[in-house]
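Understanding the architecture of this molecule
Listed here are the chains, written in short residue letters.
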Amino acid sequence: MRRLLASFVLLMAGIAPATAQDAGYRFSPINQWDINKTAAYWNPIIQYVSDKSGVKLQLKIGRTSADTTSYVLAQEVEFIFSNHLFSPEREALGWKVFGRRNAPPLHGQIAVPADSPVSSIEQLKGQEVAFAGPEAFIGYKVPYAHLLSRGIEVKPVFGGNQNAAIAQMFAGKARATGSNSMLIEGYANREDKKFRILWTSEPYQDLALMASGKVPEKDVKAVSNAFLNMHKDPRGKEILHRASQEVGLDNDAYFVPASSADYAAYRRFYQTAPASLR
C-alpha cells in the first residue's frame with residue numbers, strides 16, 4: 001500500500017515512475033468526488049485487484065474530471081472507470097467495456113437546497129448553476145441539454161468535481177447544482193444536507209470499467225476477473241464495504257459484468273444533443 005500511495009503522489013506531481021516495469025498499467029477513474037476522497041475510494045480497490053490479478057495497476061487522476069479525461073484521450077492510461085467515451089468520435093478510440101458497479105441506474109438531476117425559494121427550473125433562467133465540469137456526462141451534459149431544450153439559459157459554474165460544485169451551491173455561490181442521483185444521495189448522507197430535486201432525467205447505467213485496445217487480452221481478463229469476483233472474497237468484500245462507507249454510498253457497491261450494449265442510452269443522448277455538448 002505504501003508503494004502504491006507513493007506512486008500516486010508521484011503521478012499527482014507529474015513525475016512518472018522510473019521504468020515501464022515499475023509503472024505497470026495506469027488506471028484512471030473519473031473524479032466523482034474531491035481528489036482525496038477519490039484516492040481513498042480507489043486506492044484499496046486497485047491494490048486488491050493488482051494483488052489478485054498479478055497485473056500491477058497504478059492510480060492516475062488529475063486535479064479535475066476534465067484533467068483525468070484528458071489523460072484518457074491522450075492515451076496515457078490503459079484502464080478507466082468512466083462514462084465520457086460514448087460519443088461517436090470517442091467510441092472510435094476502441095475502449096472495451098468489461099464491467100460496472102452494481103449501483104442502481106443513475107439519473108441526471110437539477111437540485112437546490114431544501115430551503116431554497118427556487119421551486120422550478122424556470123426560475124433558474126439567468127442564474128448561476130454549479131456543475132462538476134464540462135466533461136461530466138450525467139451531471140452536466142444531461143441536465144444542461146435539458147435546460148437548453150426548455151430555453152432556460154443559465155450561467156454554468158464548474159467546481160472541478162461534484163463535491164466542490166455542491167459545496168458552492170450551499171455556500172450561496174450558485175442557485176442550483178446539476179449532478180447525478182447517486183452523488184446527490186451520497187453527499188446528503190455524508191454531509192447531512194437536504195436537497196429539493198427540481199428535475200430528473202431518464203436512467204443511465206453507472207460508469208463503465210473499460211480497457212484500452214492496446215492491453216493484451218490475458219491482462220484484461222485477469223484484471224476483469226479480479227474486479228468482478230472481488231465481492232465473493234471476504235477480504236475483497238470488506239475493502240468494498242469500507243470504500244463505500246468512505247464516500248457515502250448506501251450499499252456495498254461491487255462490480256458486475258457489462259458490455260457496450262448496456263450504454264445505449266448514452267448513444268441516444270448524443271443523437272440529439274446540442275453540438276456544443278457532443
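What this report covers is the structure whose coordinates are included nearby. (Residues numbered from 1 in each chain as written. Predicted model: local features only at pLDDT ≥ 70, side-chain atom pairs only at ≥ 80, totals over all residues. Heavy atoms only, no water.)

Concerning the overall build of the protein
- If you tally the helices and strands in the protein, you get 11 helices and 11 strands.
- Relative to the 2.2 N^0.38 estimate, which gives 19 Å for 278 residues, the radius of gyration of the protein is 18 Å and therefore close to what a compact globule would have.
- Overall size of the protein, expressed as C-alpha extent along the three principal axes, is 55 × 40 × 35 Å.
- A total of 278 residues make up the protein; the buried ones form 55% of that total.
- Counting only contacts in the protein whose residues sit at least 6 apart along the sequence, the fraction spanning at least 24 positions is 79%.
- If the 32 positive side-chain charges of the protein are averaged to one point and the 26 negative ones to another, these points end up 1 Å apart. (Helix = DSSP H or I, 4+ residues; strand = E, 2+ residues; numbered from the N terminus. Rg over C-alpha atoms; globule rule 2.2 N^0.38 Å. Buried < 20%, exposed > 50% of the residue type's maximum accessible area, 1.4 Å probe, protein only. Contact = heavy atoms within 4.5 Å. Lys, Arg positive; Asp, Glu negative; His and termini not counted. Charge placed at Lys NZ, Arg CZ, Asp CG, Glu CD.)

Structural notes on the side chain of H84
- Structurally, H84 can be placed in the loop between β3 (79-82) and α5 (88-91).
- By relative accessible area, H84 is classed as buried at 2%.
- Looking at H84, its side chain comes within polar contact range of the side chain of T69, at 2.7 Å. (Polar contact = N/O pair within 3.5 Å; in protein donor to acceptor, adjacent residues only side chain to side chain.)

Considering the pattern of salt bridges
- Within the structure shown, the criterion is met by 14 salt bridges.
- Salt-bridge contacts for E78 lead to R26; the nearest nitrogen and oxygen are separated by 2.6 Å. One end of the pair, E78, is in the loop between α4 (65-73) and β3; the other, R26, is in strand β1 (residues 25-29), with 52 residues separating them in the sequence.
- Salt-bridge contacts for E238 lead to R242; the nearest nitrogen and oxygen are separated by 3.4 Å. Remark: R242 and E238 occur in helix α10 (residues 234-247); sequence separation between them is four residues, near one turn of the helix. (Salt bridge = Lys/Arg side-chain N within 4 Å of Asp/Glu carboxyl O.)

Notes on unusual backbone geometry
- The phi dihedral of Q75 falls on the positive side, at around 60°, and the residue is not glycine.
- Looking at where Q75 falls in the secondary structure, it is placed in the loop between α4 and β3.
- Even without being glycine, D192 reaches a positive phi, approximately 55°.
- With respect to the helices and strands, D192 occurs in the loop between α8 (181-191) and β9 (195-204).

Coordinates in, geometry out; function isn't part of it.
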